[in-house]
Amino acid sequence: MAFASPMSPSLHSLSSNPFSKHNKILTLNKIQPFSLSHRHALFRIDWGSLWQGQASLNYSLYSSITSADFLLDEALEKIQLPKGDTWSIHKFGGTCMGASERIRNVADIIAKDESERKLVVVSAMSKVTDMMYGLIERAQSRDNSYATALDAVMEKHKFTALDLLEGDDLANFLSLLNQDISNLKAMLRAIYIAGHATESFSDFVVGHGELWSAQLLSAVVRKNGLDCTCMDTREVLVVNPTSSNQVDPDYLESGRRLEKWYSHNPFNTIVATGFIASTPQNIPTTLKRDGSDFSAAIMGALFRARQVTIWTDVDGVYSADPRKVSDAVILRELSYQEAWEMSYFGANVLHPRTIIPVMVYDIPIVIRNIFNLSACGTMICRPAGSENENGQRMESPVKGFATIDNLALVNVEGTGMAGVPGTASDIFGAVRDSGANVVMISQASSEHSVCFAVPEKEVNAVAAALESRFRQALDAGRLSQIAVIPNCSILAAVGQKMASTPGVSATLFNALAKANINVRAIAQGCSEYNITVVIKREDCTRALQAVHSRFYLSRTTIAMGVIGPGLIGGTLLDQLRDQAAVLKEKFNIDLRVMGITGSRTMLLSDAGIDLSIWRDLLRDKGEKADMHKFVQRVHGNHSIPNTVLVDCTADSYVASHYHDWLRRGLHVITPNKKANSGPLEQYLKLRALQRQSYTHYFYEATVGAGLPIISTLQGLLETGDKILRIEGIFSGTLSYIFNNFVGTQTFSEAVKEAKEAGYTEPDPRDDLSGTDVARKVIILARESGLKLELSDIPVQSLVPEPLKASGSAEEFMLQLPRYDQNMAERRQEAEAAGEVLRYVGVVDVVNQKGTVELQRYKKEHPFAQLSGSDNIIAFTTQRYENQPLIVRGPGAGADVTAGGVFSDILRLASYLGAPS
């Protein structure tokens, strides 16, 4: 330790105060640092008093006082402590002081700080505090291994000193270390014999870790050329222990002692012990949890410092736990109140009491990473402006989110509670008597129930205490139940601007609802600095992800599983690949394909598949397809709150899973018509589930590929219009065939041309049968409110009867020209009447029926004006009765169908919080 010695003073000369340019008072020109070989008189201990924990440490002062001592004391009393912005406070935790190389790094940071004056608060070396508590526990339990454990503590510090120090500094430190270890052995032996240690005795033992850490660092700082002294904060900080395992600083007495201490040690660089202090009776004590941070904040207040910097091993305060939210961001600035709220709810910030001392004097706290000096960290201060550093947008009203796990909810309810004074007092009096800590309280205005959250390990004691206290009320029926809901977590949204921003609660609960999260209890104080909800523990990570994403602290991230990487699915994956960067940069949407599965092979990734090489990965690294495993892996990524399965197949087996997927909270997007055109009962069940939950089921591409057919119909119905008739050319394949079935071309030639152009299915009979059009008709009919089965739709097939059962598609194409005459005659009849042939589907809502057939239209009719593979749909409604609403455009091809699916994916992203 380094103190100015009152025992053998050497007064050189008196000059003007170096700490003030204007105040001419006497001071010491130079006072030598107190040698490590000396121990201040304060620490001559009255062992009996310390053991009893009642009397103070005995201050034994030397009795030989010379005239020089009087002269020294008179000069020292005139040295005043300079306060204000010239001081900066640094605090280095155990991780920062964990090894000799790290202690050198700390010394370098101190040297590079250009502040005029610096006070550095240090914790014990990493794990040393736990080791010291372990010594006491072993001694109390009469475990002889305490001696070996103490030797390990000694060796840790000895080897660190040997690596850092040399010469007199090394010899002096080792001498003090040996003396301390010898004293500790005697203390621990006494504890071993008694089988007990008082709290003050334990605090005195544990505090040695900080003393050794401060001595080592101060010696290294001096070795680097800075005048530096060491402060044992038990000489300065005075605290009053409370009944809640906390302490209240006595700022007035601490200020007096600091003035006196500084008058003997007027150095510009001071290394102080964290964590430890003294009671008003000079009994050693500690500042309890996060005591070193608290020490730094108290010192900041006593010195009226410019800033307090807390050095740790993280880049700053995150908007959410980065282990749960991969896109959590470092918050550049927090208000004192925001930091206070977040730290209470478990965020890795500071202990709430740490903020109190500096808040009084508007002293900012900066959280910095000692292992990443390039990171700016987080500043905790009075709130400033609302623009970010680029001035792009106003900051979110919610700064961050925090969670507390392993809680249980206790609900006390009964009609006899309403209007009865003292009921709440009785409830929480019983909880207090059980020794439990109440984390959150919620009560309805009806006073019918009170619920509160407590740590799960304490809930049985709480329930027993309540049942005992209210046994008579329970038996009489005034209370109906005392219920315990286990496996809960708390999610808190924190932000000072929430108080002045309407709609924050709505946004929060909307995000939770869309993530399929059920809220069990809610609490919000009138200050509106936080909104707290209780949810299932298993939903905690997903809820955290959902709300974090919703408030734009990270991108709207969606985990995707693509089923069916064929023509449409493969095209969709290529479109996602090409647009991914644009969506992230411009629209804040992050679409991550976590899985791709075909009928035989699937590819899974926890981080997201590289879509630039997805075909190669599926071929080379794919595994056997397993739908259950596929869904579990895609949905099981808890770091992403929203999951969508995109079914690009035409498979009825895949479609049969939709209901289960939606029930489990997965969104579904598909161009597969099988679910919406399948059995009516299953369809109604699926739509009912969709309306009851916040999971989304989008199927725009089932009818018009990329055309907005479903959304147009839904828009008409939602705005109160009444559908009379829907008529359209729904097949791009058949549209192409009949648009080209003109002149001398035969029907079979038109079919062959469509097949060669890639418009037909591998077997053209699948298109010519009309079944695909019938499925589209039944989908639109059901959307319009008709309860029809697919079998209720009469379908005119274009496949000649003799060829329906013929073998292969090739054989069908060879036989088809034999039946061209029939179709040629129908075309000739239509042309003679100035008409054209078109294959159409009709939904007759008025007569509650649907049809699929080949019809004739005048050449001036919109249906006759088509070209290529265009689709056209006419909506006749009450509003559009005289002139139907027409939707027209490409209705076939992988690009437009995949584009329709892609549009539904972006629609989902918008529903989940992306900018629209």
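- As annotated in an unreviewed UniProt entry, the protein chain carries the name Bifunctional aspartokinase homoserine dehydrogenase, chloroplastic-like and is attributed to Olea europaea subsp. europaea.
- Quoted verbatim from the Cofactor (unreviewed entry) field of the UniProt record, the comment on the protein chain reads "a metal cation".
- Within the UniProt record for the protein chain, the comment given under Subcellular location (unreviewed entry) is "Plastid, Chloroplast".

### With respect to the packing of helix 4 (residues 128-140) against helix 5 (residues 146-164)
Then comes step 1: Where helix 4 contacts helix 5, the axes come no closer than 9 Å and their chain directions differ by 160°. Between helix 4 and helix 5, the crossing angle belongs to the class labelled roughly antiparallel. With respect to the hand of their crossing, helix 4 and helix 5 are arranged in left-handed fashion. Contacts between helix 4 and helix 5 pair Val-128, Met-131, Met-132, Leu-135, Arg-138 and Ala-139 from the former with Tyr-146, Ala-149, Leu-150, Ala-152, Val-153, Lys-156 and His-157 from the latter.
Then comes step 2: Of the residues that constitute the contact of helix 4 with helix 5, the class distribution is ten nonpolar, one polar and two charged.

### A short note on the sheet that holds strand 21 (residues 556-563)
Two pairing modes exist for strands in a sheet, parallel and antiparallel, and in both the strands are linked by backbone hydrogen bonds.
Then comes step 1: The strand order across the open sheet built from seven strands is 24-23-22-21-25-26-27, with neighbouring strands paired in mixed fashion. The open sheet has two edge strands, strand 24 (623-624) and strand 27 (697-698), and neither has a second partner.
Then comes step 2: Pairing of strand 22 (residues 589-597) with strand 23 (residues 601-604), which is carried by three bridges, proceeds in the antiparallel orientation. Pairing of Ile-596 across the sheet is with Leu-603, part of strand 23.
Then comes step 3: Helix 20 (residues 627-635) rests against strand 21, strand 22, strand 23, strand 24 and strand 25 (642-647) of the sheet, and its axis sits at about 170° to strand 21.

### Concerning a nonpolar patch on the surface
Then comes step 1: A contiguous nonpolar patch, built from Trp-340, Ile-356, Val-360 and Tyr-361 and spanning about 370 Å² of accessible area, is present on the exposed surface.
Then comes step 2: Examined against the element boundaries, Trp-340 turns out to sit in helix 11 (residues 336-344).

### As for unusual backbone geometry
Then comes step 1: We note that Arg-142 has phi near 60°; this positive angle belongs to a residue other than glycine.
Then comes step 2: If you trace the backbone, Arg-142 turns up in the loop between helix 4 and helix 5.
Then comes step 3: A relative accessible area of 48% places Arg-142 in the partly exposed class.
Then comes step 4: Unusually for a residue other than glycine, Asn-588 sits at a positive phi of about 60°.
Then comes step 5: By the secondary structure assignment, Asn-588 is in the loop between helix 18 (567-587) and strand 22.

### Quick word on the nonpolar core
Then comes step 1: If you look at the biggest cluster of nonpolar residues, it comprises 69 residues, and the most contacted ones within it are Trp-661 and Phe-738.
Then comes step 2: Examining the composition of this core, we find that seven residues originate from one element, helix 30 (residues 771-783), more than from any other.
Then comes step 3: Sequence-distant contacts of Trp-661, defined by excluding residues within four places in its chain, comprise Ile-563, Met-627, Val-631, Leu-645, Val-654, Leu-666 and Val-668.
Then comes step 4: Ranked by size, the runner-up nonpolar core spans 55 residues in total, among them Cys-96, Val-106, Leu-188 and Val-221.

### Comments concerning the sheet that holds strand 18 (residues 481-494)
Then comes step 1: The strand order across the open sheet formed by six strands is 16-17-15-18-20-19, and the pairing between neighbours is antiparallel. Two strands close off the open sheet at either side, each with one partner strand: strand 16 (440-443) and strand 19 (519-524). Pairwise comparison of adjacent strand axes, ignoring direction, gives a mean angle of 30° for this sheet.
Then comes step 2: Pairing of strand 15 (residues 400-413) with strand 18 involves eleven bridges; the strand directions are antiparallel. Its bridge partner being in strand 18, Thr-403 is matched across the sheet by Leu-491.
Then comes step 3: On top of the sheet, helix 11 reaches strand 15, strand 18 and strand 20 (530-536); it is set at about 60° to strand 15, its chief contact.
Then comes step 4: Sitting on the sheet, helix 13 (residues 423-433) touches strand 15, strand 16 and strand 17 (449-455), and the angle it makes with strand 17 is about 15°.

### Here we look at the packing of helix 10 (residues 291-303) against helix 12 (residues 352-360)
Two quantities define a packed helix pair, namely the angle between the axes and the distance from one axis to the other.
Then comes step 1: One way to put it is that helix 10 packs onto helix 12 with a least axis distance of 8 Å and a crossing angle of 10°. By the angle class used here, helix 10 and helix 12 are roughly parallel. Counted together, Asp-293, Phe-294, Ala-297, Ile-298 and Ala-301 of helix 10 and Arg-353, Thr-354, Pro-357 and Val-358 of helix 12 form the full contact between these two elements.

### Some details on helix 3 (residues 100-112)
Then comes step 1: Between its first and last C-alpha atoms helix 3 spans 19 Å; for 13 residues at 1.5 Å apiece the expected length is 18 Å, and the two agree.
Then comes step 2: The set of residues buried in helix 3 consists of Ser-100, Ile-103, Val-106, Ala-107, Ile-109 and Ile-110.

### Regarding helix 12
Then comes step 1: Where burial is concerned, most of helix 12 is hidden: seven out of the nine residues are buried.
Then comes step 2: Turning to helix 12, its buried residues are Pro-352, Arg-353, Thr-354, Ile-355, Pro-357, Val-358 and Met-359.
Then comes step 3: Contacts made by the buried residues of helix 12 are with strand 7 (247-249), helix 9 (251-264), helix 10, strand 11 (307-312), helix 11 and strand 13 (365-369).
Then comes step 4: Following helix 12 by one or two positions, Asp-362 has its phi on the positive side, about 55°.

### Digging into the environment of Pro-284
Then comes step 1: With respect to the element layout, Pro-284 can be found in strand 10 (residues 284-286).
Then comes step 2: For the pair Pro-284 and Phe-201, spaced 83 residues apart in sequence, the C-alpha separation works out to 7.7 Å.

### Comments concerning the packing of aromatic side chains
Then comes step 1: Here the structure, examined in full by the defined rule, presents 15 aromatic pairs.
Then comes step 2: When the ring centre of Tyr-683 is taken as reference, the NZ or CZ atom of Arg-782 above it lies at 5.2 Å.
Then comes step 3: The aromatic ring of Phe-698 is capped on one face by Arg-907, whose charged end is 4.0 Å from the ring centroid.

### Quick notes on the pattern of salt bridges
Between side chains of opposite charge, a pair can form as their charged atoms come close.
Then comes step 1: In this structure the tally under the stated criterion is 43 salt bridges.
Then comes step 2: A salt bridge links Asp-620 to Arg-619, with the nearest nitrogen and oxygen atoms 3.1 Å apart. Just as Asp-620 is exposed, Arg-619 falls in that class too.
Then comes step 3: One salt bridge in this structure joins Glu-727 and Arg-725, with 3.3 Å as the shortest N-O distance.
Then comes step 4: The exposure class assigned to Glu-727 is buried, which follows from its relative accessible area of 13%.
Then comes step 5: Salt bridges sharing common partners tie together Asp-574, Arg-577, Asp-578 and Arg-615.

Rules of the game
- Residues numbered from 1 in each chain as written.
- Predicted model: local features only at pLDDT ≥ 70, side-chain atom pairs only at ≥ 80, totals over all residues.
- Heavy atoms only, no water.
- UniProt positions renumbered as here; feature names shortened; annotations may be inferred.
- Axes fitted to C-alpha atoms, helices over the stretch in contact; angles between N-to-C directions.
- Helix = DSSP H or I, 4+ residues; strand = E, 2+ residues; numbered from the N terminus.
- Parallel < 35°, antiparallel > 145°, perpendicular 65-115°, else oblique.
- Left-handed = near helix turned anticlockwise from the far one by under 90°.
- Contact = heavy atoms within 4.5 Å.
- Nonpolar A, V, L, I, M, F, W, Y, C, P; charged D, E, K, R; others polar.
- Pairing = 2+ DSSP bridges.
- Patch = residues over 30% accessible without salt bridge, like charges linked within 9 Å, V, L, I, M, F, W, Y side chains within 5 Å.
- Areas by Shrake-Rupley, 256 points an atom, 1.4 Å probe, with all protein chains shown as cover.
- Salt bridge = Lys/Arg side-chain N within 4 Å of Asp/Glu carboxyl O.
- Buried < 20%, exposed > 50% of the residue type's maximum accessible area, 1.4 Å probe, protein only.
- Core = buried A, V, L, I, M, F, W, Y, C linked by side-chain atoms within 4.5 Å.
- Expected span 1.5 Å × (residues − 1).
- Phe/Tyr/Trp six-rings, centres within 6.5 Å; stacked < 30°, edge-to-face > 60°.
- Lys NZ or Arg CZ within 6 Å of the ring centre and 35° of its normal.

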